Amino acid sequence: MTKSIETMWKEGFVNEAHLTAPKINDLYNRKSQNIVDKLQNMFALNIKALILGCLIMLVMMSLIGAPFLGLYICCLLLPLIIIAKKELKKSFNLSKEQSSYDYIMNFNSWLKSSIKAYSRYYKFFYPMFFIGMAIQGIVSKAGENLIALLVEAVPTGIMILGQPYYLIVVLAIITLIVAKYAEALYRLDLNIVYGRQFKKLDELITDMEELRK
Amino acid sequence: MGSDFYQLSILPFASIIIKICRAYTNSQEDFEDYYQEVCLQIWRSKDNFNQQCEWSTWIYRISLNVCLTYLKRRKSGDKQIVSDALPEEVIDDSKAFVSDEINQLYSAIKHLSETDRAIILLYLEEKSYDEIAEMIGSNSNNIGVRINRIKGKLNKFINQKD
């Protein structure tokens, strides 16, 4: 190589014909491919899906004779809607005009606080959802029949809330396990979808922090 | 986006966007995707432009931040991946520019980390160390040191190819 990279750049672009802008197609309706926008779109879609989910649950559960379970699931989903709305609002404060470091750091803080807010709630949501389903199972006709069969097979005189003690113990243990792994479950799900992006973000931050030292 | 805004405020600066987007993409399809995304984000951010810097600086800043956080579309299906330094990937737009030297330089730049790509592009566009530091979010001393290191890497890569 004889030329410096500066000369290569300068001379190379003097008569460069390929600096013509590509054709723009329907830009206004384009779905953004940026991580921030993508997550904003996801949160917005999530809110709509949750509202729709609440309504579907309410109608469906009422139709199958479990209106209280429908109402209960709605009540569980409501805080998720509130969290999603709050997080979406926060994300709009991120501007792309800052320095790259500030932009990446702000984005990362927002992402972490969002994940934290969601995982805090999922720790409560998953076990409560399980409890709701379990109670509905116990009070349903099919559940009553199953429990009767169970008591016949494993008789006991110790009853808690009208149910054999071991059933309550098993349900309590499962609830605890679900509660313990709720956050891990949520993070696993998140990692499957966004693992690569998170890794890229971490690498970028490490590189930029090294540059600031 | 109003076509007036595109014609008057983006198109005259298209070369900036093209130079940056080319450094973060490996195919014409990806390049066009990135280009459009940058235009979209410039348009969305236009109301925040406070004239404390030049419009061209604003375009550099948004283009870099968009390229750093862009999601590439996989060819099959609709899943998205992030753009990485891809030394092992075949770079299929090695003839993106007419000039062989520029193509060679871009090929070397694409082997750098994403932050280094941003720094060297700004340096080659004759931005001062202070301006680069301000845009990247570092200080000019560190930028100077890093630029020397990057130039070393680029020269090494280009010499290997020669």
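Before reading on, note that the structure itself is shown above.
First, a word on what this report is: a plain description of the structure on this page. (Residues numbered from 1 in each chain as written. Chains lettered and ligands numbered in written order. Predicted model: local features only at pLDDT ≥ 70, side-chain atom pairs only at ≥ 80, totals over all residues.)

### Digging into the overall build of chain B
Of regular secondary structure, chain B possesses eight helices and two strands. For chain B, the N- to C-terminal ordering of α and β elements is α-α-α-α-β-β-α-α-α-α. Out of the 162 residues belonging to chain B, those deemed buried represent 41%. Long-range pairs, those at least 24 residues apart, make up 59% of the contacts in chain B with a sequence separation of at least 6. (Helix = DSSP H or I, 4+ residues; strand = E, 2+ residues; numbered from the N terminus. Buried ≥ 20, exposed ≤ 12 C-beta atoms within 10 Å, placed from the backbone. Contact = placed C-beta atoms within 7 Å.)

### A look at the interface of chain A and chain B
Residue-level contacts link 41 residues of chain A with 56 residues of chain B. Contributing elements (two or more residues each) for the side of chain A that touches chain B: α1 (5-14), α2 (35-63), α4 (100-139) and α6 (165-212) of chain A. At eight residues, the largest contribution of residues to the side of chain A that touches chain B is made by α6(A). Grouping the constituent residues of the side of chain A that touches chain B by class yields 21 nonpolar, nine polar and eleven charged. (Nonpolar A, V, L, I, M, F, W, Y, C, P; charged D, E, K, R; others polar.)

### Quick notes on unusual backbone geometry
Even without glycine at this site, Leu161(A) takes up a positive phi of about 50°. Mapped onto the secondary structure, Leu161(A) falls in the loop between β1 (159-160) and β2 (163-164). Classification of Leu161(A) as exposed rests on a count of 9 C-beta atoms within 10 Å. Phi is positive for Glu126(B), close to 65°, though the residue is something other than glycine.

### Some details on the packing of helix α2 (residues 14-24) of chain B against helix α4 (residues 55-68) of chain B
Residue and element names in this part refer to chain B. Where α2 meets α4, the axes come as close as 10 Å, and the angle between the chain directions of the two elements is 20°. In terms of orientation, α2 lies roughly parallel with respect to α4. By crossing handedness, the relation of α2 to α4 is classed as right-handed. For the pair α2 and α4, contact is made by Ile-16, Ile-17, Ile-20, Cys-21 and Tyr-24 and by Ser-56, Ile-59, Tyr-60, Ser-63, Leu-64 and Cys-67, respectively. Of the residues in the contact of α2 with α4, the class split is nine nonpolar, two polar and no charged. (Axes fitted to C-alpha atoms, helices over the stretch in contact; angles between N-to-C directions. Parallel < 35°, antiparallel > 145°, perpendicular 65-115°, else oblique. Left-handed = near helix turned anticlockwise from the far one by under 90°.)

### Examining the nonpolar core
Of all hydrophobic cores here, the largest spans 58 residues; its most connected members are Cys21(B), Val38(B), Cys67(B) and Ile119(B). Core analysis: the next-biggest nonpolar cluster, separate from the first, contains eight residues, Cys54(A), Ile83(A), Ala84(A) and Tyr118(A) among them. (Core = buried A, V, L, I, M, F, W, Y, C linked by C-beta atoms within 7 Å.)

### Looking at the packing of α2(B) against helix α3 (residues 28-45) of chain B
Residue and element names in this part refer to chain B. For the pair α2 and α3, interaxial distance at closest approach is 9 Å and the crossing angle is 130°. Considering the angle they form, α2 stands oblique to α3. By crossing handedness, the relation of α2 to α3 is classed as right-handed. On α3, the residues touching Ile-17, Ile-18, Cys-21, Arg-22 and Tyr-24 of α2 are Phe-31, Tyr-34, Tyr-35 and Val-38. Of the residues assigned to the contact of α2 with α3, the class counts are eight nonpolar, no polar and one charged.

### Quick notes on the environment of Tyr72(A)
Residues and elements named next belong to chain A. On the secondary structure map, Tyr-72 appears in helix α3 (residues 67-91). When the 20 C-beta atoms within 10 Å are taken as the criterion, Tyr-72 is described as buried. In sequence terms Tyr-72 and Met-57 are 15 residues apart; their C-alpha atoms lie 9.5 Å from each other.

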